[in-house]
Amino acid sequence: MLKGLKKGALARSLWVYHVSASPCNNCDIEILDLLTPRFDVERFGLLLVGSPRHADVLLVTGVVNKKVLDRVLRVYAQTPKPCLVAAFGSCAISGDLFVDSYNFAGPLDKHIPVDVYIGGCPPKPEAMILGVVRAIEKLNKLKDL
Ligand code: SF4
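Rules behind the numbers
Residues numbered from 1 in each chain as written. Predicted model: local features only at pLDDT ≥ 70, side-chain atom pairs only at ≥ 80, totals over all residues. Heavy atoms only, no water. Axes fitted to C-alpha atoms, helices over the stretch in contact; angles between N-to-C directions. Helix = DSSP H or I, 4+ residues; strand = E, 2+ residues; numbered from the N terminus. Parallel < 35°, antiparallel > 145°, perpendicular 65-115°, else oblique. Contact = heavy atoms within 4.5 Å. Nonpolar A, V, L, I, M, F, W, Y, C, P; charged D, E, K, R; others polar. Near = heavy atom within 4 Å. Salt bridge = Lys/Arg side-chain N within 4 Å of Asp/Glu carboxyl O. Buried < 20%, exposed > 50% of the residue type's maximum accessible area, 1.4 Å probe, protein only.

Caption draft 1: Structural context of the packing of helix H2 (residues 26-34) against helix H5 (residues 125-141). Interhelical geometry of H2 versus H5 gives an angle of 70° and a closest axis separation of 10 Å. By the criterion of interaxial angle, the relationship of H2 to H5 is roughly perpendicular. Seen from H2, the contacting residues are Glu-30, Ile-31 and Leu-34; seen from H5, they are Pro-125, Met-128 and Ile-129. Class assignment of the residues belonging to the contact of H2 with H5 gives a composition of five nonpolar, no polar and one charged.

Here it is, written out as structure tokens:
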């Protein structure tokens, strides 16, 4: 019963920590847009938190380069498990324009397990909201909660 309660509570109040790897900032601005009255994702229980230690979801924007990789791994290690990881935008998913750069460390899912992919450059709000739905679905499927 406790497991069911915990899962239910999580699915209704996802706490999200935004990991800004090395984006152009456009993805980050779009995330802030989601919190404005027009989209207001907080009404679905989604909350941006200031520490990975309080997070259920890591939302990673930007290209993972060799300098930032260690920090992304450390943030992932600090996040209580089980947690979900969302790759937000083409840079985090594939490297996009920077795929041939000397500094590119590979797509995010080469380094940590990614549960949700939110495509676009930057992703549209509708894609982000769909990503939230996918995250909640995934959370409901987790058996070890
Ligand atoms: S996916 Fe596009 S908008 Fe997002 S950080 Fe990369 S270049 Fe910028």
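Caption draft 2: Focus on the site of the ligand. Around the ligand, the neighbouring residues are Pro-23, Cys-24, Asn-26, Cys-27, Ser-90, Cys-91, Gly-120, Cys-121 and Pro-122. Counting only elements with at least two residues in the shell around the ligand, the list comes to H2 and helix H4 (90-94). Class assignment of the residues belonging to the shell around the ligand gives a composition of six nonpolar, three polar and no charged.

Caption draft 3: Inspection of the pattern of salt bridges at higher detail. The final tally for this structure, using the stated rule, is two salt bridges. With a shortest N-O distance of 3.1 Å, Arg-74 and Asp-70 are connected by a salt bridge. With Arg-74 and Asp-70 both in helix H3 (residues 69-78) and four residues apart, this pair spans about one turn of that helix. Residue Asp-70 is classed as partly exposed on the basis of its relative accessible area, which comes to 43%. Here Arg-134 ties to Glu-137 by a salt bridge, and the two come within 3.5 Å at their closest N and O atoms. Placement of the pair is Arg-134 and Glu-137 together in helix H5, with a separation of three residues, close to one helical turn. A relative accessible area of 38% means that Glu-137 is categorised as partly exposed.

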